[in-house]
Amino acid sequence: MRTFGVEEELLIVDPTTGEPLALADALLSGHRMAADDAPDARSLETEDKTVYDDDEMGLSAELKLEQIETQTRPCLEYGVLLDQIRAGRTLADRAAQKNGARVAALATSPLASTSHTTPDPRYARMLERFGLTAQEQLTCGFHVHTYIESPEEGVAVLDRIRDKLAVLTALSANSPFWNGVPTGFESYRTQAWNRWPTSGPAGIYGTYPAYRRVVTRLLDSGVMLDEGMLYFDARLSRNHPTVEVRVADVCLRAEDAALIALLVRALVESASREWRDGVDPAPVPTVLLRMAAWQASSSGLSGELLDFGTFRPARAADVVRSLVDYLAPVLDEQGELAIVRQGVEDIIARGTGAAEQRRVRDKAMEGSPPEDLGLGAVVNHAVNITMRGAMDLSEVEAAPDLLRVRQS
């Protein structure tokens, strides 16, 4: 089994109005001071950010001061990962409450707001270079890291999972509102995020040197500032021996987040086995993958998706179940098939986070004046669901640091 871990971007909100609050600096300052008192605390510097790590999970800044990112430690088991996700949410929410705020697992803000860019030279350059795209980029994603044994294996995985990633976008869809209005999309974060020039699906690389040539040519173009802006749906991590899958909205429910992570790990393992068995990647044109991603962003699980085998429209639930069937040999071998099948059926039955947000909004608007859009209720509900199953941090054991160890 491969180790895996996740990064969650959470929205910092006013507990009364639901409006986003630009408090990331305050949250991180308090967390850093608390961590400085811990004997094993350390600050992990990366090209993109500083992670204040307390040896169990970390918090870090993102592009906007209205969001905070949590990181789990590398894990082997679903239950440990789920505990780590809940513990990360608890850690962030405790820091928020000390500053009169809460955190919510919302991929976009339902309420209109003016976002504030984190004071950092790199982010300042991004704001100057990319204008409104950077200015409006208050979006919260969910990134899954899965261990790989080599860059060559990683590129082989990227080539073989690209045609299936839109299904994860549909399953995780959790952003139907944007700046106070319904968008008509299940995952509007996907639409907003794909305004970056290096976002979205990529082509087939074939080899690791070919992957590096693509990266070099993108850097030489002068459009992207640095390699940290390689925002493809999936990429090789620059700091860890992992494939990083980046297509999902942050999930309203922690258990849905852990489910997405299980699906990603199974995708990586299945793709690696195909590569070792000499199975070529499906030669799906990138433009068709963009179409599949757009459709997943538009309808989530409420309508049709493009089937990842035929790329023709099919019932969303059937496409999701087909993905589970495709991954079943690996999931069964790892003892996770029953968990995944149940988790997928739960989401199909109750709907995505986007569907849940709309239901809450509709109920809040019943009997209310027309100008009351019910979006504050959406945020308050999201805070409660985000913290469902909140952990007592003293009871959470740090996951073993197995990032560079693959166990069988």
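Residues numbered from 1 in each chain as written. Predicted model: local features only at pLDDT ≥ 70, side-chain atom pairs only at ≥ 80, totals over all residues. Heavy atoms only, no water.

An unreviewed UniProt entry annotates the protein as Putative glutamate--cysteine ligase 2 originating from Pseudarthrobacter scleromae. Here the protein is described in UniProt, under the heading Catalytic activity (unreviewed entry), as follows: "L-cysteine + L-glutamate + ATP = gamma-L-glutamyl-L-cysteine + ADP + phosphate + H(+)". Checking UniProt for the protein, the heading Function (unreviewed entry) contains the comment "ATP-dependent carboxylate-amine ligase which exhibits weak glutamate--cysteine ligase activity." (UniProt positions renumbered as here; feature names shortened; annotations may be inferred.)

J.: Where do I start with the packing of aromatic side chains in this structure?
T.: How two aromatic rings sit relative to each other is given by the distance of their centres and the angle of their planes. Tallied over the entire structure, the rule returns 10 aromatic pairs. Taking 5.2 Å as the distance between ring centres and 55 degrees as the angle between the ring planes, the aromatic pair formed by tryptophan 178 and tyrosine 188 counts as tilted. Taken together, the residues span a long stretch of sequence, with tryptophan 178 in strand 8 (residues 177-178) and tyrosine 188 in helix 7 (residues 188-193) at a distance of 10 residues. With relative accessibility at 22%, the residue tyrosine 188 sits in the partly exposed group. For the pair phenylalanine 185 and tryptophan 294, a centre-to-centre distance of 5.7 Å together with 85 degrees between the ring planes defines the contact as edge-to-face. In this pair, phenylalanine 185 sits in the loop between strand 9 (181-182) and helix 7 while tryptophan 294 sits in helix 10 (residues 286-299), placing the two residues 109 residues apart along the sequence. The partly exposed category is assigned to tryptophan 294, whose relative accessible area is 42%. Chaining the aromatic ring pairs together yields one cluster made of Phe130, Trp193, Trp196 and Tyr231. The cationic tip of arginine 129 hangs over the ring face of phenylalanine 130; the distance from NZ or CZ to the ring centre is 5.4 Å. The ring of phenylalanine 4 is capped by arginine 265, whose NZ or CZ atom sits 3.9 Å from the centre of that ring. (Phe/Tyr/Trp six-rings, centres within 6.5 Å; stacked < 30°, edge-to-face > 60°. Helix = DSSP H or I, 4+ residues; strand = E, 2+ residues; numbered from the N terminus. Buried < 20%, exposed > 50% of the residue type's maximum accessible area, 1.4 Å probe, protein only. Lys NZ or Arg CZ within 6 Å of the ring centre and 35° of its normal.)

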